[in-house]
Structures are given as structure tokens and as C-alpha cells.
Amino acid sequence: MINMKRAYYEDIELFKSGTIVFWTIVFLAVLVTFPLYMSNYYLYLFSLMMVYVIVSVGLNILVGSTGQISLGHAGFFAIGAYGTVILMTSLSLPFFVAIIAAAFIAAFFGFVLGLPALRLEGPYLTIATLAFGLAIMHIIGHTEFFGGRQGLVAPALDIGVPQLGWSYVLDSMISKYYLVLIFTIIMVLVAINILKTKAGRAFVAIRDSDIAAEVIGINLTMYKTLAFATSAFFAGVGGGLFAFVLGFFDPFTFNLILSVIFIVMIVVGGLGSVMGSISGAILITYLMYDLFKNVDEVPVVGALLVAFSQQFMTITGMDNFNYIAVGLVMIGIMLFEPLGLFGGWIRLKKYWKTWPF
Amino acid sequence: MGYFSVENLSISFGGLKAVDGISFSVEKNEIFSIIGPNGSGKTTIFNLISGIYKPDSGAVMMEGENMVGKTPDHVALKGIARTFQNIELFKNATVMDNLMLGRHMHMNTGLFGGAFMFGKRSKAAKEEVKHREEVEKIIDFLELQSVRDSFVGSLAYGKRKLVEVGRALALEPKVMLLDEPSAGMNTEEKDDLNIWIKDIREDYNMTILLIEHDMNMIMGISDRVFAMQQGQKITLGTPQEVQKHPEVIKAYLGEEEIG
Ligand SMILES: Nc1ncnc2c1ncn2[C@@H]1O[C@H](COP(=O)(O)OP(=O)(O)OP(=O)(O)O)[C@@H](O)[C@H]1O
Ligand SMILES: [Mg+2]
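Note that the coordinates shown come from a computational prediction; the quantities given were computed from them, not determined experimentally.

What counts and what doesn't
- Residues numbered from 1 in each chain as written.
- Chains lettered and ligands numbered in written order.
- Predicted model: local features only at pLDDT ≥ 70, side-chain atom pairs only at ≥ 80, totals over all residues.
- Heavy atoms only, no water.
- Helix = DSSP H or I, 4+ residues; strand = E, 2+ residues; numbered from the N terminus.
- Rg over C-alpha atoms; globule rule 2.2 N^0.38 Å.
- Buried < 20%, exposed > 50% of the residue type's maximum accessible area, 1.4 Å probe, protein only.
- Donors = N, O, S within 2.8 Å, 3.2 Å for Na, K, Ca; no water.
- Pairing = 2+ DSSP bridges.
- Axes fitted to C-alpha atoms, helices over the stretch in contact; angles between N-to-C directions.
- Contact = heavy atoms within 4.5 Å.
- Near = heavy atom within 4 Å.
- Polar contact = N/O pair within 3.5 Å; in protein donor to acceptor, adjacent residues only side chain to side chain.
- Areas by Shrake-Rupley, 256 points an atom, 1.4 Å probe, with all protein chains shown as cover.
- Parallel < 35°, antiparallel > 145°, perpendicular 65-115°, else oblique.
- Left-handed = near helix turned anticlockwise from the far one by under 90°.
- Nonpolar A, V, L, I, M, F, W, Y, C, P; charged D, E, K, R; others polar.
- Phe/Tyr/Trp six-rings, centres within 6.5 Å; stacked < 30°, edge-to-face > 60°.
- Lys NZ or Arg CZ within 6 Å of the ring centre and 35° of its normal.
- Core = buried A, V, L, I, M, F, W, Y, C linked by side-chain atoms within 4.5 Å.
- Expected span 1.5 Å × (residues − 1).
- Arc of directions from axis to C-beta.
- Buried area = accessible area lost by both parts, 1.4 Å probe.
- Salt bridge = Lys/Arg side-chain N within 4 Å of Asp/Glu carboxyl O.
- Lys, Arg positive; Asp, Glu negative; His and termini not counted.

Peer 1: Can you lay out the overall build of chain B for me, pointing to particular residues and giving the numbers?
Peer 2: Within chain B one finds ten helices and ten strands. In terms of overall size, chain B behaves like a compact globule, its C-alpha atoms giving a radius of gyration of 19 Å where 259 residues would be expected to give roughly 18 Å. Overall, the C-alpha framework of chain B stretches about 65 × 40 × 35 Å when taken along its three principal axes. In chain B, which comprises 259 residues, the share counted as buried stands at 54%.

Following this line, the structure appears as C-alpha cells:
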């Protein structure tokens, strides 16, 4: 029989085949041994990439799965960062408690922001999220308690429980890198599981046909707000880690551009796919932070670009080129591979399977 | 009052009385068909029953409980499932996921339970497997094996109609509302559907409300037929009675469907 029934658990297993297990192990081995041969700068860059992976995986649960667009995720990210630091410094909560609590606070704000989603659709909802992101940034910027415009310095990253006399401070970039790595692996697995089970399927159902979703018994109110809350939780966790990767942050770190960049990450990577979110976050972080770090070292056109930037854009820094690169990648994706990097990967795989026919 | 009934149901859109004082009562395990020319208000009755529209007046009684005022998801919880005339599937999901979605209200795994589905013995994994088994029964029943993992968007129209029936069946409802399930199917598919609808009634102990334009099908499987026109009842009776009714013949005059 061609369509033999399978052992059903195999279909929902995390590691469906030996090949996947193999590549997962190779990939993890690379990530774990990475610090042994990389400079602090690259540990920092990779930690940042992983933080953004967490955020974009969560954002994709909202945007890719339920089809609701948020331009306010920098706000949840900020709540995660400020929340974690302030809960640690003001309430002396241990790090792990603080970051989870901050993520839940972000999730609560996500839930509240999800409420208008029940009435607003499309662009109107997006404007509401945009307003939320801006409001968070300005409220923080004008409140002394949150450090005002000066921002906050992250405290020592003690992952123990100092009150109980058990203290374990992560002060090196390597140790922070490993902490972020562990969080990233957990959050990615959690996202994969959510999308494979009841709630994740309900999210997709709402996107494809909310009327059909309702008549099969899905509570629209509950699942629309749940998607916002879940997505905000991921951004909150990312924000909490971000605070310690950077060590210092101010309100303007969490501006509208950051929210837009989050959206770019998942669009470039592939809407609705976890692998897409990961690859998009990595590529865009690289473009934003590393591509034109040493622009004058770029062969042939390097000096030209520097001169051009100083003449027409800004005398300081090469940020403009990074944004231009991101814009070009975005346009390229829209033109040639609307399903994003992940869609391209699937096509490539199909191509190789049938090659050379 | 029967097992399932609508009582004096009315709704108008602007000045148009789309459904105008409709009442009927359906017995448990009956196949009850609704016929009428285009735009006579058949689909609107289904929308009123499933809570998508709120009637201006009237009641929808299911086992003694009024459904009017409930949201569609609550109506579903009470055991009423439906398909749509213009197909409302989750087209970016596979057939399997569409059917699993039909199991939604029977599943207990929450967001957290699902998030921590690590290992075969986790509660979430056990539940997934259990409901997969239920869905596989439906796949076998409707012979959907070959498209199990296909995306719904890529299927032929007739197959999609069938997947929608399967999804409604996955809800384990007491009453099923089928809105023109055979539209767009070829003769062979229609014959199969005919048999399946009868089987659904027998094997699943289902009460079925059926909207159809295909008179052969109506004549073949209905216990009773309700004929309507411009939102109002023409007549109710056995297929043979209704087919001979002069006003039904007049309403359908010029329409080729009448057999
Ligand atoms: N949401 C709505 N707004 C305005 N008018 C509507 C709405 N829904 C239905 N109508 C009108 O109500 C009338 C009945 O429509 P309905 O879809 O119930 O007909 P039908 O009997 O199912 O026809 P068909 O056989 O073509 O499917 C039509 O005139 C239709 O235009
Ligand atoms: Mg209709």
C-alpha cells in the first residue's frame, strides 16, 4: 500500500529523521565551540543575532501565522530590557525570575494591545501597534525611574540567587554568549512546538479564514489576543537578554526603526516559518551591524563609498549604507523570492532532488 | 418541538427580506433538504443557524436550547457543524491540518502544554496522536489518503468540498449543515458523495440539513424537502410531494435543475 499509515508520533517529533539529527548536532557543535576560536567582537555580534532570532521567531507567530502586523515590537523588546534590569536592581530579584517576569509583563501588554485587534483590521491595527511602540519609547524617555533619556546600565549578570548566598556572575562575553545560546535554543524549540499543536494551528486558521475558524469552535477573541501575548513574550525574553549583551541602553535604542527591522527580518526570512525567522534575523543583523563596519577595507569601491558618504550623507559612521543594504535585500526578496530565504531554500532542495532532470 | 428547529426566523438586509418568517422542525437522524431558486435565502438560513448572522426575530432551537445570540464558536460547541457554499478552508494548511483543526474543540492542550511537547510521553504528544487517530478514520472514510499532506490550495474543487465535509465531521457534531456540497463535482464524485452522506447519517448517527441544486441528489437521499422562494416557505413534504407541487414547478420554471 502506497499510503500506509505511519506511526503518528513520528510526524510531530522534533527530529524526524537521522539527517535532521545529524545536522542539528553539527550545528550545535559549531555554536558551542564557536567561542574557542572567535574574538569577543564576534561573540557579541552572535549574541546579538541570537537575541534577534528570539524576537523574530516570536514576531512570526503573530505576523506570519495569524496575519496581524505589529510595528510596535520594539516596545515589547524595551519592556523586556527595562523590566529585567529594574526588577533586578529595584526588587533584587534573581536574574531568571526577573527575565521571566519581565517577559510576562510584556505578554500582558501584548494581550492589552491585542484587544483592539478584535475590532481593527489591516492597516488600522498596524497603526495602533505603531502608536504603542512610540508611546513606550517616549514614556520611558520621560520617566526618571526608567533612567530617562540617559538610559540604564545593566547590573552585574548574576545568574545565582545572591540572597541565598549563591552567587554566580557572568562577566565575560563568552559566558553571556552561552547564556543567550541556551535561551535561544529553548525559545526556538518552544516556538516550533507551539506551531505544531492546538494553539499554533488555531493561529493559522484565523489568518486563512476567520469565519471558518469560528464555526469550528475557535474563540477569535481568545486566540487573537493570545497570539499578541505570545509574540510579546518572546520579544520580552529577547529584550531581557539584549540588556546584558549591550550592557547599556537608552530609550532611543527602541525606536520605530527597530520595529521595522524586526518586520524586515521575518519578511526576508519567510513569513510563517521558524527557520525563516532564524535565517532572516541572522542575515539582517549581519547587514545592520557588521557589513560596513570597515567600509574603507572593501576592495575597489571602499574609498569611494567613504567619500560618497561624507559628501552626501553623514560625516560620522557608515550607518546609511547598512540601511541601504537592508533595503536592497528587501527589494530583492520581494522581486525574486516573495516567500523569503526559507522559500528559496525549499525550492533549492526540490531542485537538487530532481536534478539533473 | 422536534430535535432541531427554527422558529419564525427572519432577517432583512436593507429593504430586502432575505429570510421571512421561516419555521421548520427536523427529526433526529433525518436528512432534511432545503431547495429554492438562487437568492431565495437558503444560505442565509445556515448563516443564521450557525451564528454568523443575528436574526431580526425568531429562534433556533437545538435540543431545547436557543442558539440565537451565541457566537459561531459557541454554536459549534453545542454540536452544530457546517460547510460553506464557497468553501472556507484553511488553504495554506495541509489537508491533515485542516482536519486536525476540526478537532480543535475536543483538544485540551493549552499554549503551555503545547510549548513543552518534549518527548513521546508528554501530554501534548499523547493528545496529538490520539486526535490523529480520529482524523485518520475520517481520511479513510472519505478516501482522502492520497492528499493527506497536500496543501488545500492545490486541490481540485471537488476534493476541497470533500475536505470541508471531513472537517465538519471531525467536530463530531450532532447536526451537520451542508451547503451545496456537490457543486463543482463530477458525476463520479457526486455518486460517491451521495453514498457518503447516507453513511454519515447511519454510521455517525447524524442529523443532516442539506442545501442542494442537484435534483437527482435531492430526490435520492432526502427524507423531507423544504422548498422556499424569496425568503418564504413554499411547501414542505416528501421529495415526491414537493417535486409535484405546482408552485415549486413555477419557481423553477426555466431552471434546468428540476428533474
Ligand atoms: N450579508 C448580506 N448583505 C446583503 N444582502 C445579503 C447578505 N447575505 C445575503 N444577502 C441577500 O439575501 C438574499 C438571499 O441570499 P442567499 O445567499 O441566502 O441565497 P441562496 O438561496 O443561498 O442562493 P444560491 O442558491 O445562489 O446560493 C440574496 O438576495 C442576497 O443578495
Ligand atoms: Mg446559497
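Back to the write-up after that little detour.
Peer 1: An account of the coordination of the magnesium ion (ligand 2) is requested, with residue identities and associated values reported.
Peer 2: Geometrically, a metal with four donors at the corners of a regular tetrahedron has ideal angles of 109.5 degrees, and one with six donors at the corners of a regular octahedron has ideal angles of 90 or 180 degrees. All names here are of chain B. All of the protein donors around the magnesium ion (ligand 2) are Thr-43 (OG1) and Gln-85 (OE1); their distances to the metal are 1.9 to 2.1 Å. Here Thr-43, found in helix H1 (residues 42–49), pairs with Gln-85, found in the loop between strand E6 (80–82) and helix H3 (95–102); they are 42 residues apart in sequence, far enough to count as distant. Judged by relative accessible area, Thr-43 falls into the partly exposed class, the value being 22%.

Peer 1: Which residues make up the sheet that holds E6 of chain B, and what values do they have?
Peer 2: Residues and elements named next belong to chain B. Pairing is mixed in the open sheet, where six strands are placed in the order E6-E7-E8-E3-E9-E10. Unpaired on one side and paired on the other, E6 and strand E10 (232–237) mark the two borders of the sheet. Sheet twist, expressed as the mean angle between neighbouring strand axes with direction ignored, is 20°. Summarising the sheet, strand E3 (residues 31–35) and strand E8 (residues 207–211) pair through four bridges and their orientation is parallel. The residue of E8 that forms the bridge with Ile-34 is Ile-211. H1 rests against E3, E6, strand E7 (175–179), E8 and strand E9 (224–229) of the sheet, and its axis sits at about 145° to E8. The strands touched by helix H7 (residues 187–203) are E3, E7 and E8; relative to E8, the strand with the most contacts, the crossing angle is about 155°.

Peer 1: Which residues make up the site of ligand 1, and what values go with them?
Peer 2: Residue and element names in this part refer to chain B. With respect to spatial proximity, 14 residues lie near ligand 1, and among them Gly-39, Lys-42, Thr-43, Thr-44 and Gln-85 are the closest. The separation between an oxygen atom of ligand 1 and a polar main-chain atom of Gly-41 is 3.0 Å. At a separation of 2.9 Å, a nitrogen atom of ligand 1 approaches a polar side-chain atom of Tyr-53. In isolation ligand 1 exposes 640 Å². Once the protein is present, 65% of that is buried.

Peer 1: Run through the packing of helix H11 (residues 256–269) of chain A against helix H12 (residues 274–289) of chain A, naming residues and quoting values.
Peer 2: All names here are of chain A. As a packed pair, H11 and H12 sit with axes 7 Å apart at the nearest point and diverge in direction by 125°. By the angle class used here, H11 and H12 are oblique. H12 is crossed by H11, and the crossing has right-handed handedness. Taking contact as the criterion, the partners of Ile-261, Val-264, Met-265, Ile-266, Val-268 and Gly-269 in H11 are, on H12, Gly-276, Ser-277, Ser-279, Gly-280, Ala-281, Leu-283, Ile-284, Thr-285 and Met-288. Per-class residue counts for the contact of H11 with H12 are nine nonpolar, six polar and no charged.

Peer 1: Break down the packing of helix H5 (residues 95–114) of chain A against helix H10 (residues 220–246) of chain A for me, with residues and values.
Peer 2: All names here are of chain A. Closest axis-to-axis distance for the H5/H10 pair is 7 Å, and the angle between their directions is 145°. Handedness of the crossing formed by H5 with H10: right-handed. Between H5 and H10, the contacting residues are Phe-95, Ile-99, Ile-100, Ala-103, Phe-104, Ala-106, Ala-107, Gly-110, Phe-111, Leu-113 and Gly-114 on the first element and Thr-225, Phe-228, Ala-229, Ala-232, Phe-233, Gly-236, Val-237, Gly-240, Leu-241 and Phe-244 on the second.

Peer 1: So, the packing of aromatic side chains: which residues are in play, and what are the values?
Peer 2: What describes a pair of aromatic rings is the distance from one ring centre to the other and the angle between the planes of the rings. Within this structure, the stated rule accounts for 36 aromatic pairs over all chains. Measuring from centroid to centroid gives 6.2 Å for Tyr-82 of chain A and Phe-146 of chain A, while their planes differ by 85°, and the two rings are edge-to-face. With Tyr-82 of chain A in helix H4 (residues 73–90) and Phe-146 of chain A in the loop between helix H6 (122–141) and strand E1 (152–153), the pair connects residues that are 64 residues apart, well separated along the chain. Aromatic ring contacts, followed pair by pair, group Tyr-52, Phe-77, Tyr-82, Phe-145, Phe-146, Phe-242, Phe-249, Phe-254, Phe-262 and Tyr-289 of chain A into a single cluster. Across from the ring centre of Phe-84 of chain B, 4.2 Å away, lies the NZ or CZ of Arg-82 of chain B, which sits over that ring.

Peer 1: Explain the nonpolar core residue by residue, including any values.
Peer 2: Core analysis: the biggest nonpolar cluster contains 145 residues, and Tyr-52, Phe-95, Leu-241 and Phe-254 of chain A together with Met-176 of chain B have the highest contact counts within it. For this core, the element with the highest residue contribution is H10 of chain A, accounting for 15 residues. Look past the residues within four positions of Met-176 of chain B in its chain and what remains in contact with it is Ala-81, Val-165, Ala-168, Leu-169, Ile-200, Met-206, Thr-207, Ile-208 and Leu-209 of chain B.

Peer 1: Tell me about helix H13 (residues 302–313) of chain A, residues and numbers included.
Peer 2: Residues and elements named next belong to chain A. Taking 1.5 Å per residue as the helical rise, H13 with its twelve residues ought to reach 16 Å, and the 15 Å between its terminal C-alpha atoms agrees with that figure. Of the positions making up H13, those classed as buried are Gly-302, Val-306 and Ser-309. The arc that holds the buried residues of H13, viewed along the axis, is 65°, so those residues lie on one side. Those residues of H13 that are exposed and angled more than 90 degrees off the buried face are Ala-303, Leu-304, Gln-311 and Phe-312.

Peer 1: For the interface of chain A and chain B, give the residues involved together with the corresponding values.
Peer 2: Residue-level contacts link 35 residues of chain A with 43 residues of chain B. Both faces considered, chain A and chain B share a buried interface measuring about 3600 Å² in area, 66% of it formed by carbon and sulfur atoms. Broken down residue by residue, the surface that chain A buries against chain B is led by Tyr-8, Arg-201 and Ile-216 of chain A, which jointly contribute 20%. Connecting chain A to chain B are one salt bridge. Put simply, Glu-128 of chain B and Arg-201 of chain A hold a salt bridge, and the shortest N to O gap is 2.9 Å. Our count for the contact surface shared by chain A and chain B stands at eight residue pairs in polar contact (both at pLDDT 80 or more).

Peer 1: Kindly report on the side chain of Glu-180 of chain B, identifying the contributing residues and their values.
Peer 2: Residue and element names in this part refer to chain B. Its place among the elements puts Glu-180 in the loop between E7 and H7. No salt bridge is formed by the buried Glu-180. Its closest oppositely charged neighbour is Lys-42, at 4.9 Å. Apart from residues no more than four positions distant in its own chain, Glu-180 is found in contact with Gln-85, Lys-161, Ile-211, Glu-212 and His-213.

Peer 1: Lay out the environment of Glu-63 of chain B with the relevant residues and their values.
Peer 2: Residues and elements named next belong to chain B. With respect to the secondary-structure elements, Glu-63 resides in the loop between strand E4 (57–62) and strand E5 (65–66). Look at Glu-63 and you get partly exposed, because its relative accessible area is 46%. If sequence neighbours within four positions are ignored, Glu-63 has contacts with Tyr-3 and Lys-174.

Peer 1: A description of unusual backbone geometry should follow, citing residues and the corresponding values.
Peer 2: All names here are of chain B. If you check the backbone angles, Glu-63 has positive phi at about 45° while not being a glycine. Phi at Gln-230 takes a positive value of approximately 45°, unusual for a residue other than glycine. For Gln-230, the location among the structural elements is in the loop between E9 and E10.

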